[in-house]
Amino acid sequence: MLPIYRGWYRVDASIFNRRSSVPPMKRQFIYALIMLIAQTGITFTGSLVRITGSGLGCDTWPQCHPGSFVPVSGSAPWIHQLIEFGNRMLTFVVALACVLAFTSVLRAARRTQILHLAFFQGIGVILQAVIGGITVHLDLAWWMVMAHFLPSMILVFFAAKLVIRVTEPDDGTKTNLMAKPLRIAMDLSVLALAINLVTGTMTTSAGPHAGDAAILPEHRLQIPLFEMAQVHAHFMYLYLGLTASLIAGLFATKTTRQVRRTAWWVVAAIIVQGGIGIMQYQLGVPRWTVPLHVIGTGIVTALAGLFWAQKFRWTGGSAHATGSVEGDAARAE
């Protein structure tokens, strides 16, 4: 990957003539945080596409309609075209956030782990755009909609990890903040979250909101909604239980206040998200609850990523201005 990074650095230097402009660690953090918010937020707008039946407001890809990259009057209800086209345009906002985050850590000559995390966010956005196009061409097949949502959660999870990593000096020492049994418990909780996300998308696939009125019930996942919701709920309880047990272990051993605070935020988010899910089920999955549940999923995943990244930290070191020794030296010139 390093030749690709060097090539991007040369392009950046030749276009913007900012070879010596090394962003401080705080600015890198801000760009990474903006990227995390953007990756989480676009899932919310995607849920609006689903509940309004606007999934085929633009019925082809990469064009909106055959022969036109923008909405065409009369090709579909204008509100459906507006919502779907708007969601597509937000992809460029997310892409810009990824470019800013990657360019900032590249200019600072950060360690390869950070460069990889930032670079693959951009690759993920491109792949998501392609998957979205395939989803449209397959008329919102439920299994393809699942394949479109789940990668977004992976991107959110690792964007959260980047938010943590950019605040650490590259010449620091890797320090474990949890005992090995707790790190194993952390990994198990992340696995439970992953299964929870899969069963959650399956529950949605069995539910009433297909993304377009033309999609009939027989085109949906043929598992009774009640049964699928029960499976999803039980994995949610498992995830909550594992996280609560992890917190107990963290308080019984020595760890940092920040780790414990993040753990409490994760538990609170899981409880709120579980409450929204129960409310959805009891009310018969009304449309307005879907965006709440989707953005809640993004928040839980982001917090889980922040929590998971704090199993260990790079501490000490001297590169506290830009995060890298090379970046600090360039900034001091």
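Residues numbered from 1 in each chain as written. Predicted model: local features only at pLDDT ≥ 70, side-chain atom pairs only at ≥ 80, totals over all residues. Heavy atoms only, no water.

Chemist: Can you walk me through the packing of aromatic side chains in this structure?
Modeler: Given two aromatic rings, their pairing is described by the distance between the two centres and the angle made by the two planes. Across all of its chains, the model carries 10 aromatic pairs by this definition. Consider the rings of F157 and F158, whose centres lie 5.3 Å apart with planes at 80 degrees: the pair is edge-to-face. We classify F157 as buried; its relative accessible area is 8%. With a relative accessible area of 31%, F158 lands in the partly exposed category. (Phe/Tyr/Trp six-rings, centres within 6.5 Å; stacked < 30°, edge-to-face > 60°. Buried < 20%, exposed > 50% of the residue type's maximum accessible area, 1.4 Å probe, protein only.)

Chemist: I would appreciate a short explanation of the state of the cysteines in the present structure.
Modeler: Note on terminology: disulfide describes a covalent bond linking the sulfur atoms of two cysteines. Evaluated as defined, the whole model comprises one disulfide. The disulfide partner of C58 is C64, and the gap between their sulfur atoms is 2.0 Å. Residues C58 and C64 are joined by a disulfide whose S-S torsion is about -75 degrees; by sign, that bridge is left-handed. Here C58 matches C64 in class, with each residue buried. (Disulfide = S-S within 2.5 Å.)

Chemist: What am I meant to see in the packing of helix 2 (residues 25–51) against helix 9 (residues 289–309) here?
Modeler: Two measures define how a pair of helices packs: the angle their axes make with one another and the distance between the axes. Where helix 2 contacts helix 9, the axes come no closer than 9 Å and their chain directions differ by 160 degrees. Between helix 2 and helix 9, the interaxial angle falls into the category roughly antiparallel. Read as a crossing pair, helix 2 and helix 9 show a hand that is right-handed. Here L36, T40, T43, F44, S47, L48 and I51 of helix 2 come into contact with helix 9, specifically with V290, P291, V294, I295, G298, I299 and A302. (Axes fitted to C-alpha atoms, helices over the stretch in contact; angles between N-to-C directions. Helix = DSSP H or I, 4+ residues; strand = E, 2+ residues; numbered from the N terminus. Parallel < 35°, antiparallel > 145°, perpendicular 65-115°, else oblique. Left-handed = near helix turned anticlockwise from the far one by under 90°. Contact = heavy atoms within 4.5 Å.)

Chemist: Help me out: how do you make sense of the pattern of salt bridges in this one?
Modeler: Note on pairing: side chains with opposite charge can pair once their charged atoms come close. Summed over all chains, the structure comprises seven salt bridges. Note that E84 is salt-bridged to R88, the shortest N-O span being 3.0 Å. Of this pair, E84 and R88 both sit in helix 3 (residues 78–107), four residues apart, which is roughly one turn of the helix. Per residue, the accessibility class of E84 equals that of R88, and both read buried. For R165, the salt bridge goes to E168, with nearest N and O atoms at 2.9 Å. (Salt bridge = Lys/Arg side-chain N within 4 Å of Asp/Glu carboxyl O.)

Chemist: Please explain a nonpolar patch on the surface as it appears in this structure.
Modeler: Side chains of M1, I4, F120, I123, I126, L127, V130, I134, L138 and W143 sit close together on the surface and give an oily, nonpolar patch of about 880 Å² of accessible area. Among the elements that take part in the nonpolar patch, helix 4 (residues 112–137) stands out by supplying six residues, more than any other. In this structure, F120 sits in helix 4. Residue class for F120 comes out partly exposed when judged on its relative accessible area of 43%. (Patch = residues over 30% accessible without salt bridge, like charges linked within 9 Å, V, L, I, M, F, W, Y side chains within 5 Å. Areas by Shrake-Rupley, 256 points an atom, 1.4 Å probe, with all protein chains shown as cover.)

Chemist: How should the UniProt feature "transmembrane region" (unreviewed entry) in the chain be read in this particular structure?
Modeler: Under the feature "transmembrane region" (unreviewed entry), the UniProt entry names residues 29–51, 89–107, 114–134, 140–164, 184–202, 234–252, 264–284 and 290–309. Taken end to end, residues 234–252 is 100% helix and 0% strand, and its two terminal C-alpha atoms sit 27 Å from one another. Across residues 290–309, helical content stands at 100% and strand content at 0%; the span's end C-alpha atoms are separated by 29 Å. (UniProt positions renumbered as here; feature names shortened; annotations may be inferred.)

Chemist: What exactly am I supposed to notice about helix 2 here?
Modeler: Residues spaced three or four apart along an α-helix point in a common direction, a consequence of the helix completing one turn every 3.6 residues. Between its first and last C-alpha, helix 2 extends 40 Å over 27 residues, near the 39 Å set by a 1.5 Å rise per residue. The positive-phi residue at the C-terminal boundary of helix 2 is G53, with phi of around 70 degrees. (Expected span 1.5 Å × (residues − 1).)

Chemist: Got a minute to help me understand the environment of P286 in this structure?
Modeler: Its location among the elements puts P286 in the loop between helix 8 (257–282) and helix 9. A C-alpha to C-alpha distance of 9.1 Å links P286 and I51, two positions 235 residues apart in sequence. If near-sequence neighbours (up to four positions away) are discounted, P286 is found in contact with H209 and Q280.

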